[in-house]
Amino acid sequence: MAQEHSKVAYQVMWNRMISVVEEQAQALVRTAFSTSVREAGDLSAGVYDTQGQMLAQAVTGTPGHVNAMADAVAHFIRRIGRQNIADGDVYITNDPWEGTGHLHDITMVTPSFHNDVLVGFFACTAHIVDIGGRGFGADAQSVYEEGLYIPIMKFADKGEVDKTLVSIIRGNVREPDQLIGDIYALATCNEIGHRRLIDMMDEFELDHLDGIAEFILDNSRRATIERIAALPQKAAQGEMTMDGFDRPITLKVKVSVEGDKIVSDFSGSSGLDKKGINCPLVYAKAYACYALKVAIAPEIPNNAASLAPFEITAPENSIVNALHPAPVALRHIVGHFVPDAVYDAFDKIVPGLVPAEGAGCLCNFQVSLRPRMDAPAPENARRSEVLTFNSGGSGARPEHDGLNATAFPSGVMTMPIEATEHAGPVIIWRKELRPDSGGAGKTRGGLGQYMEVGAQEGHEFDIQAMFDRGEHPARGRRGGKDGAHTTIVRSDGAKMHVKGKQFVPHGERVIMAFPGGAGYGDPSERSIDLVKRDLARGYISAETAASEYNLSAKDIAEVEAAVAKGGVL
Amino acid sequence: MKTFSTRLGVDIGGTFTDVVLERGGESFSTKVLTTYIAPENAIIDGMQQVCAKAGIKPAEIEQIIHGTTLATNALIERRGAKTALITTEGFRDVIEMRTESRFEQYDLNLNLPDPLLPRHMRYTVPGRVDANGDILVELNRADVEAVVDKVAKGNYESVAVGLIHSYLNPAHEQLVREVLAEKLPDVSVSISSEVSPQMREYERFNTVVANAYIKPLMASYLGRLEDRLKDEGVACRIFLMHSGGGIISIQNAADFPVRLVESGPAGGAVFAAHIAARYGLDKVLSFDMGGTTAKICLIKNQTPKTSRVFEVARTYRFKKGSGMPISIPVIDMVEIGAGGGSLAHVDAMHQIRVGPESAGSEPGPACYGRGGERPGVTDADLVLGKLDPENFAGGSIKLHPDASKNALTKVVGSPLDMDAVEAAFGVAEVVDENMANAARVHAVENGEDLSEYTMIAFGGAAPLHAGRLCEKLGVERLLVPPGAGVGSAIGFLRAPFSFEANRSVYMTLSDFDGDRIKSLLTDLKSEATGFVRTCDEVSPILSEFKVYMRYTGQGWEIPIELTEEQAMNPDVDTFEARFIEDYTKLFGRPVEGMDIEITVWSVNATTPPEKVERMDETSGADTAKATGQRPLFDAASAKYLDAQIVNRFDMATGQRAAGPVAVIEDETTIIVPASRDAIRQPDGCIDVVVKG
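Residues numbered from 1 in each chain as written. Chains lettered and ligands numbered in written order. Predicted model: local features only at pLDDT ≥ 70, side-chain atom pairs only at ≥ 80, totals over all residues.

A. Spatial organisation of the overall build of chain B. Across its full length, chain B holds 17 helices and 36 strands. At 26 Å, chain B has a C-alpha radius of gyration in line with the 26 Å of a compact globule built from 692 residues. C-alpha atoms of chain B, sized along the principal axes, occupy 80 × 60 × 55 Å. The buried share of chain B, taken over its 692 residues, is 56%. (Helix = DSSP H or I, 4+ residues; strand = E, 2+ residues; numbered from the N terminus. Rg over C-alpha atoms; globule rule 2.2 N^0.38 Å. Buried ≥ 20, exposed ≤ 12 C-beta atoms within 10 Å, placed from the backbone.)

Below, the structure written as structure tokens:
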């Protein structure tokens, strides 16, 4: 068979493989049950060669899955054993260290056979709503309390689904239908990727992927190294501090540009936390790598070769290299702050490229609703788990304001509140921008948002708060001011914490204000037209316009008069 | 439908306004430049031209069907009315916060498109409906009046009303409209429960805002058009093509102008569907490739596939998520930035990239010789022998192959160590692969296998690329119809009167309520039929029933078509069986033990499609006469072959030309690869079939 291919043919094949994994991811979105996957896009999908090297990955909502998934398939090959890999198999795990960082991510791998020969693998990962244990939250003291652990194993053996495994899973989780549905969706999406890959191999008369793999990896490696070589070859230290659970956590990182690689060394960062916000290295690595890649080599697709030059090290059992059995359920909180620490260092190597600090971690919460217990509940009251993803403001960029209520570094979407309210007896009373929360600057930080959540008549609930920046707002860069910090309070005035499971009695609501991004540059250099525009739109109040940007009382009155008349600014 | 013998189809496009007059069996067409300031002028001009050609007076025209990009353009260019939004307290920023995500994750300097209305033009009222449609918080008239008084001070021309869960219970939106009508009788009002009664607040609010934003503009344009046509002596009614592929009255169009978005491309799909009917083809892929973009649409059983939501005005490389979502019934098309003018470059990975940036007509690709230095797809086509440099656009533009070669060598060849020919091959393959990928993904998303499809190609650049696309997709047959240059306007004349009414109402199969379903579908049917009746008083009206179903807990529904019998005598087992059947087809296997739910109900009322005579096809036993030969690069064998040149208008019915062949005509060239032959069918279509 023809295995010699022209340069043009390889160009077409690379293009095709990226299309294959995008389609694989689309299939997952369309068949998944958890809102986290189907509405928010918290998933990823990729294709691998027989060695487990990632060749292409779909661009989905989660940079956090990027590196983690890139490493995962090699673990599967080792654990299953090559001799046990057969056509029709589907493998599964939620191992935080060999998967993507916590028990709530299910990773599934399917070997791809062509003419009875193993030619590669498809893998995909999705964040599921519940895996049993204490529920999604930071309250556990060890990974054993965080839910059901599924070691790397066969979900389907030569096409035969392991019914015992399904029973065990069903018996251990709060939303068994959703979870089993999601597992099937993951298997389906690999299957769809596989079929398309085989179509391509038939069309180009390929027996194996060696030639195209080499072409993809060589070109990606060379392009990435060129970018790194063009940077100033030096090192710098950066750090950032977040609230943590009970005590603040500091991330310290030394970023060194070393010819053909960039090394990020997290020595000096805080040690493990008692609660489940510790981060396995694989997940911290994903975000450090994402931060650098989006800054210097954004258009190079993710694969084994384009990711390899970004090396990450951290001392064992530091907060960014938590080892088994540390609790890790909310590892995303630390992970999402890794870019802010990396950028603090990188700004000293290449000034004027990276943004100021932003809200950082997603402002997620989960509500566990149940019939009220303090009085008779109506008959139709029910139990339900509802997870929502929300975003604060992103940090101001050197030339652009930060983005209002938009996720960074994560890329997931929020859920429509009309969809959320169909998922359970929850009521979202408010979800809108939070004026004055973006840090002042020549470019302004993105605005955070207000949210208010309650339950339908007859229900009470626990809210699992997964917020940060309560005590440590986003820090401004080069004279820019800090963003606003997170606040959370109960409608009856009871104090609440930014993290942890907290009870909300019947009839009460939780009132939250999510953080804004920080400003960049001296606010006095901000264009007066932009200040007026921000005032007109209510992004900033008249007080802020006067105090932070020195807008005159006359200008303020003019803007307010124009707005009352529906003026366009 | 009553048959009218003299009908006019008018399509206002970005560059040209196409006018087609059909009278008896004859057709007269013209293209005039679109007149942006007063688009009706081009219509009058074009109408006079075709009337003169046909030797009739405008008064003899019995029906006018019109489609236009004006609505789309007003949204893209932000040229709408001064508009306010009234929404639910606590949700003022829904249209600005979008999905809270970045549509391009690998761009630190990404900016999101501004919402149509800035924040200070968005007002809120109390009152709240819950997810069951029950009222959680009452909305008092006094509260509404207070807000309307504030709105009044803003001197708005148009107001959109979008409240949470209004698709389940429109009472509060109706109250706001009532107060607006009382206090601001001259202001145009749109409410989301009428414009787009579907779940998901961002899409629904954005749709009602878009409707309100273009409503005064479109109402005024349609009014002027009616007057001008009357002045010209036109006495017949005027109808509008809508995005769903049917026609509606001018009054409906003025009330719901957002339904006119993408009506031109919808006409193209209807055109292709009509040809499909003529050939009795049940599975057709329409492929329309112009200068900047390519559009691909699936047509099953001679009906273009429809969808409930699409995105308009993409601002960032045609990227998904960079535009604004509009949820209305629409013909489902994929559009990608691939056209004759799309420019090529080499990226950091040494990969050839083509588009979405386009050379446009000034300076155009390098071969135009107007100073364009970057190679476009047309340059690659020229070097590969697909175009004749002396006979491009009927000889009106002379092409410069040397300029193409230089540009290709400089931009693509040098960095990749390729000569101009290999670079041209690379560019053509990459753009064809991009289009093939878009078609594949679209097919798989719909559970379809393209190898069973026939392609129908139109638009200036499509015939140059369609043959290779068929090879890549495993499509065995390609039809290139005549008159493809004014395909959309012809399509308007083939479209039925139709209106789709739909509503989001949740029902699980475990709570199946047949009586409620029957009454819901009956209501939708009478609503949709009512709209169609205003256009056509006599024809029978058919109703097509569709429900959107999914497993409870999933986020994406799949459309399930029901027969009238199934819809009017709802039975839980039938609904379940129909869902399992279609789900399995799409995704391989059903999920056991899960409840199933219905989320959206839809009834499309339509007049019966025009009867199309099945044509007697020829197998092409005679040989077409070639006018010459030229070298033509054959992508499948990756080398030049000697190709015949055949003039399309010299080809008689039943003649066959063996590939490789270039079938030339004034507007374009049909490239037939070595793997295929071209046959001239009786209706003038060039039928490109696999050899043997």
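B. Local environment of the sheet that holds strand β7 (residues 160–161) of chain A. All names here are of chain A. Spatially, β2-β1-β5-β4-β3-β6-β7 is the arrangement adopted by the 7 strands of the open sheet, whose pairing is antiparallel. Each edge of the open sheet carries a strand with a single partner, namely β2 (54–57) and β7. When strand β1 (residues 43–48) meets strand β5 (residues 117–127), the two strands line up antiparallel, connected through 6 bridges. Bridging across to β5, tyrosine 48 finds its partner in phenylalanine 121. Where helix α3 (residues 64–80) meets the sheet, it contacts β1, β2, β3 (90–93), β4 (105–114) and β5, and its direction lies at approximately 130° from that of β5. (Pairing = 2+ DSSP bridges. Contact = placed C-beta atoms within 7 Å. Axes fitted to C-alpha atoms, helices over the stretch in contact; angles between N-to-C directions.)

C. Seen up close, the interface of chain A and chain B. Facing the 71 residues of chain A at the interface are 62 residues of chain B. A class-by-class count of the residues in the side of chain A that touches chain B yields 30 nonpolar, 22 polar and 19 charged. (Nonpolar A, V, L, I, M, F, W, Y, C, P; charged D, E, K, R; others polar.)

D. Spatial organisation of the domain arrangement of chain A. Residues and elements named next belong to chain A. Domain boundaries assigned for chain A yield domain 1 (7–221) and domain 2 (355–526). For domain 1 and domain 2, the distance between their C-alpha centroids amounts to 31 Å. At the interface, 19 residues of domain 1 touch 19 residues of domain 2. Of the residues contributing to the side of domain 1 that touches domain 2, the split by class is 5 nonpolar, 8 polar and 6 charged. (Domains from an automatic or database assignment.)

E. Region of interest: the sheet that holds strand β12 (residues 364–371) of chain A. Residue and element names in this part refer to chain A. Reading across from one edge, β13-β12-β16-β18 is the order of the 4 strands in this open sheet, with antiparallel pairing throughout. Each edge of the open sheet is held by one strand with a lone partner, namely β13 (384–388) and β18 (499–504). Neighbour to neighbour, the strand axes of the sheet diverge by 15° on average, direction disregarded. In the sheet, β12 pairs with strand β16 (residues 459–466) via 8 bridges, with the strands oriented antiparallel. The residue of β16 that forms the bridge with proline 371 is histidine 459.

F. Highlighting helix α17 (residues 572–587) of chain B. Residue and element names in this part refer to chain B. Between the first and last C-alpha of α17 there are 22 Å, a value that for 16 residues agrees with the 22 Å anticipated at 1.5 Å per step. Those residues of α17 not exposed but buried are Phe575, Phe579, Tyr583 and Phe587. Considered in projection along α17, the buried side chains sweep an arc of 60° and stay on one side of the axis. Residues of α17 that are exposed and point over 90 degrees away from its buried face: Asp573, Ala577, Glu581, Thr584 and Lys585. Within two residues after α17, glycine 588 carries a phi angle of roughly 90°, on the positive side. (Expected span 1.5 Å × (residues − 1). Arc of directions from axis to C-beta.)

G. Focus on the pairing of strand β28 (residues 596–606) of chain B. Residue and element names in this part refer to chain B. Counting buried positions along β28 gives 11 out of 11 residues, so the element sits mostly inside the fold. Examined bridge by bridge, strand β25 (residues 498–508) and β28 share 9 bridges and lie antiparallel to one another. When the bridges of β28 are listed, serine 504 appears paired with valine 600. For strand β26 (residues 542–551) and β28, the ladder comprises 10 bridges, and the chain directions are antiparallel. If you follow phenylalanine 545 over to β28, its bridge partner there is valine 603.

H. Representation of helix α9 (residues 331–349) of chain A. Residues and elements named next belong to chain A. Between the first and last C-alpha of α9 there are 28 Å, a value that for 19 residues agrees with the 27 Å anticipated at 1.5 Å per step. Along α9, the sharpest change in direction is near 30° and occurs at tyrosine 343. Among the 19 residues that make up α9, 17 are buried, leaving the element largely enclosed by the rest of the structure. (Bend = angle between axes of the 7 residues up to and from the residue.)

I. Focus on the confidence of the model for chain B. For chain B, per-residue confidence averages 91 on the pLDDT scale, and residues scoring 70 or more make up 99% of the total. Interface confidence for the predicted complex, expressed as ipTM, amounts to 0.92; the pTM equals 0.91. (pLDDT = per-residue confidence, 0-100.)

J. Examining the nonpolar core more closely. Membership of the largest hydrophobic core comes to 395 residues, with the highest contact counts inside it found for Leu28(A), Met108(A), Ala284(A), Val342(A), Val159(B), Val209(B) and Val427(B). Discounting chain neighbours no more than four positions away, the residues touching Ala284(A) are Cys279(A), Ile312(A), Ala314(A), Val320(A), Val334(A), Gly335(A) and Val338(A). (Core = buried A, V, L, I, M, F, W, Y, C linked by C-beta atoms within 7 Å.)

K. Broad picture of unusual backbone geometry. Looking along the chain, the bond that leaves His324(A) and enters Pro325(A) is cis, with omega of 5°. With an omega of 5°, the peptide bond between Phe408(A) and Pro409(A) qualifies as cis. Of note in the backbone geometry, Asn115(A) takes a positive phi value of approximately 50° without being a glycine. Here the phi dihedral of Asn301(B) falls at roughly 50°; this positive angle occurs in a residue that is not glycine. As for its placement among the helices and strands, Asn301(B) is situated in the loop between β14 (294–300) and β15 (303–304). Taking the C-beta count within 10 Å as the criterion, Asn301(B) has 11 such neighbours and is therefore assigned exposed.

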